[in-house]
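Chain residues, written in single-letter form:
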Amino acid sequence: TVLLIATPGRLQSHVAKTESFAARLSTVQILVLDEVDQLASDVFRPATLDIVKALPAASQRQGLFYSATLSDDVTALVKAIGREEYAFVDVIQDDHAPEHIDQHYTVVPTERMTESLWRFTRGNVGPDFKAVAIFMTGRIAAYYADAFRKAGTLAVFEIHARRSQKQRTEESEKFR
């Protein structure tokens, strides 16, 4: 048994440039795609479709596709690269947060983001307070983690691609 885990761009590069690599993919029995909503975007869809061309036909392999959202783009990609008779499994059952979790969101102009995040955390600090801030890049996440850590008012846990897997795992465990 062999498991290949790769990012779309790197795998596409190997399919196109590494001698006999595409031929090796012709024996794949299971295709697993995580974050299909991202892979279905204009950024990753071309690479994803190029990779799938090197795989056996959908009828000859199993496909497992995971996505937190089910947009028209996700549905179209799954139909394009999966079996015709695919099954949709909803593990959430509904889109409501558990009652004990208080959820909020705020839309602010980019230039007010730092101030808004600062005010939110300052107004909500307490023994049971936990918040997750998601940023578009590891660099931005590292910047804000460093800033909040230096402010010294919160325990800050930092998980992004600019950190080693060991660091990400350790931070995840501390956050729980």
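Everything discussed here concerns the structure shown above.
Residues numbered from 1 in each chain as written. Predicted model: local features only at pLDDT ≥ 70, side-chain atom pairs only at ≥ 80, totals over all residues. Heavy atoms only, no water.

**Topic: the overall build of the protein chain**
Phase 1 of the analysis: For the protein chain, the helix and strand inventory stands at eight helices and two strands.
Phase 2 of the analysis: Shown N-terminal to C-terminal, the secondary structure of the protein chain runs as helices and strands in the order α-α-β-α-α-β-α-α-α-α.
Phase 3 of the analysis: Across the 176 residues that make up the protein chain, the buried fraction comes to 20%. (Helix = DSSP H or I, 4+ residues; strand = E, 2+ residues; numbered from the N terminus. Buried < 20%, exposed > 50% of the residue type's maximum accessible area, 1.4 Å probe, protein only.)

**Considering the packing of helix α4 (residues 45–53) against helix α5 (residues 72–81)**
Phase 1 of the analysis: In the contact formed by α4 and α5, the axes pass within 11 Å of each other and the chain directions differ by 15 degrees. In terms of orientation, α4 and α5 fall into the roughly parallel class. Considering only the axes of α4 and α5, their crossing is right-handed. Facing α4, whose interface residues are R45, T48, L49 and V52, α5 presents D73, L77 and I81. (Axes fitted to C-alpha atoms, helices over the stretch in contact; angles between N-to-C directions. Parallel < 35°, antiparallel > 145°, perpendicular 65-115°, else oblique. Left-handed = near helix turned anticlockwise from the far one by under 90°. Contact = heavy atoms within 4.5 Å.)

**Some points on the nonpolar core**
Side chains that are nonpolar tend, in soluble globular proteins, to be buried together.
Phase 1 of the analysis: Counting residues in each nonpolar core, the largest one holds 17 residues, and the members touching the most others are L25, L33, V36 and L77.
Phase 2 of the analysis: Listing elements by their share of this core, those giving two or more residues are α1 (8–17), β1 (30–33), α3 (36–39), α4 and α5.
Phase 3 of the analysis: Top contributing element to this core by residue count: α5, with four residues.
Phase 4 of the analysis: In terms of nonpolar packing, the next biggest core, distinct from the first, is built from seven residues, F135, A141, A145 and F148 among them. (Core = buried A, V, L, I, M, F, W, Y, C linked by side-chain atoms within 4.5 Å.)

**Focus: the pattern of salt bridges**
Phase 1 of the analysis: Counted by the stated rule, this structure contains seven salt bridges.
Phase 2 of the analysis: Its salt-bridge partner being D42, residue R45 comes within 2.4 Å of it at the nearest N-O pair.
Phase 3 of the analysis: We classify R45 as partly exposed; its relative accessible area is 25%.
Phase 4 of the analysis: Taking the relative accessible area as the measure of exposure, D42 reaches 61% and is therefore exposed.
Phase 5 of the analysis: A salt bridge links E158 to R149, with the nearest nitrogen and oxygen atoms 2.9 Å apart.
Phase 6 of the analysis: In the salt-bridge network here, residues are joined through shared partners; they are R112, E115 and R119. (Salt bridge = Lys/Arg side-chain N within 4 Å of Asp/Glu carboxyl O.)

**Quick notes on the packing of α1 against α4**
Phase 1 of the analysis: Relative to each other, α1 and α4 sit at 45 degrees, their axes nearing to 9 Å. For the element pair α1 / α4, the angle class is oblique. By crossing handedness, the relation of α1 to α4 is classed as left-handed. For the pair α1 and α4, the contacting residues are P8, L11 and Q12 in the first and P46, A47, D50 and I51 in the second.
Phase 2 of the analysis: For the contact of α1 with α4, the per-class residue count stands at five nonpolar, one polar and one charged. (Nonpolar A, V, L, I, M, F, W, Y, C, P; charged D, E, K, R; others polar.)

**What to know about a nonpolar patch on the surface**
Phase 1 of the analysis: On the surface, I30, V32 and Y66 cluster together into a nonpolar patch covering about 300 Å² of accessible area.
Phase 2 of the analysis: Inspection of the secondary structure assignment puts V32 in strand β1. (Patch = residues over 30% accessible without salt bridge, like charges linked within 9 Å, V, L, I, M, F, W, Y side chains within 5 Å. Areas by Shrake-Rupley, 256 points an atom, 1.4 Å probe, with all protein chains shown as cover.)

This is a description of form; function is not addressed.
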